[in-house]
Every structure is written in C-alpha cells, then in structure tokens.
Amino acid sequence: MIKFDAPAKQQMIVIGEKGYPHEICGLMFGKGGGERTVTEVFECGNLNKLKPETRYDMDPKDYMRGEALARQKGLDVLGIFHSHPDHPDKASETDRQAAWPGFSYVIMSIQKGKFASMKSWVLNDQTQFDEEPIG
C-alpha cells in the first residue's frame, strides 16, 4: 500500500492539470519500509517531443536532481508519477516495459484538463503490473 499526505497529493494533481494536454512526470518522496507515505513530489520535465500527449521521457537531469534532493531531506524516492491525458489511469505496456522493481508507479487520469482518478502500479515477480492499494 502507498499513502499520500494531502498536500503532496494535491501538488501532484496540480502538476497533472497544469501539464494537460501533455503527459507530465515526476518523483514521489517519502519514507520507505513497511508503511510508505508520499510526503513530497518533485516535478520532472518530459523530453518527449514526438508524442508528448501519449508518452513521457523523464529528463534524466531532473531525475538526478530529485534523487539528490530526496537524500538531502533524508527521504527515499518511492516511485514515479505521470499523467494519462484523456485516457484511463491504467498502466500501459510502455509503462510496464520502463518500470523498475520496488517502485510505485502512480498514474493520474486527467480528463479535459481536470483530475479524474489515479491508481498505483507495482511490478510483481513475473514482471507484470499489479494494482497497488492507495491509502
């Protein structure tokens, strides 16, 4: 299960709505271990210029900056969030192929510029996505 502090969840939603109609992406920070709670989010750039409305390529420099910031704050990178503009919050095959074990992948459905829903996904032992409960 992954939980969210209300301000972190709201910031993630704001980033998703602001980026519409393109996919946005970012990192989720918190404390790892038994009960994982996202306490902060960090927006990363989408370098995909060919199909930014249906794909994201996280800027590696932003990823490294975010990872360093999390360390400075004594937090862990718990996973990655991104949006699906005008599509469901279901993980795609492209999402699965790019996923890393141990990370949560939160996908927000942004419909006509407004947050609609979100789900979290984790890789299982067979390298398939399982839906992760959000608390």
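Here, the structure is the one placed above.
Treat the numbers as computed from the prediction; the structure is a model and nothing was measured.

Thresholds applied
- Residues numbered from 1 in each chain as written.
- Predicted model: local features only at pLDDT ≥ 70, side-chain atom pairs only at ≥ 80, totals over all residues.
- Heavy atoms only, no water.
- Helix = DSSP H or I, 4+ residues; strand = E, 2+ residues; numbered from the N terminus.
- Contact = heavy atoms within 4.5 Å.
- Salt bridge = Lys/Arg side-chain N within 4 Å of Asp/Glu carboxyl O.
- Buried < 20%, exposed > 50% of the residue type's maximum accessible area, 1.4 Å probe, protein only.
- Pairing = 2+ DSSP bridges.
- Axes fitted to C-alpha atoms, helices over the stretch in contact; angles between N-to-C directions.

Q: Tell me about the environment of Y20, residues and numbers included.
A: Tracing the chain through its elements places Y20 in the loop between helix 1 (6-19) and strand 2 (25-31). Between the C-alpha atoms of Y20 and T39, which are 19 residues apart in sequence, the distance is 24 Å. Ignoring any residue separated from it by four or fewer positions in sequence, one finds Y20 in contact with P85, D86, I110, K112 and G113.

Q: Now, about the pattern of salt bridges: what can you tell me, with residues and values included?
A: In total, this model carries seven salt bridges according to the counting rule given. Between E43 and K18 there is a salt bridge, and its shortest N-O distance comes to 3.2 Å. Residue E43 is found in strand 3 (residues 36-44), and its partner K18 is found in helix 1; the two are separated by 25 residues along the sequence. Judged by relative accessible area, K18 falls into the exposed class, the value being 56%. Between K73 and E40 there is a salt bridge whose closest N-O contact spans 2.7 Å. Of this pair, K73 sits in the loop between helix 2 (60-72) and strand 4 (76-85) while E40 is found in strand 3, placing the two residues 33 residues apart along the sequence. The class for E40 is partly exposed, based on a relative accessible area of 26%.

Q: Break down the sheet that holds strand 5 (residues 104-111) for me, citing the residues and quoting the values.
A: Pairing within the open sheet is mixed, and its seven strands lie in the order 1-3-2-4-5-6-7. Among the strands making up the open sheet, the edge pair consists of strand 1 (2-4) and strand 7 (129-132). Strand-to-strand twist in this sheet, taken as the mean axis angle between neighbours without regard to direction, amounts to 40°. As paired strands, strand 6 (residues 114-123) and strand 7 are joined by four bridges and run antiparallel to one another. Its bridge partner lying in strand 7, W121 is registered against E131. Against the sheet, helix 1 engages strand 1, strand 2, strand 3, strand 4, strand 5 and strand 6, with an angle of about 30° to strand 3.

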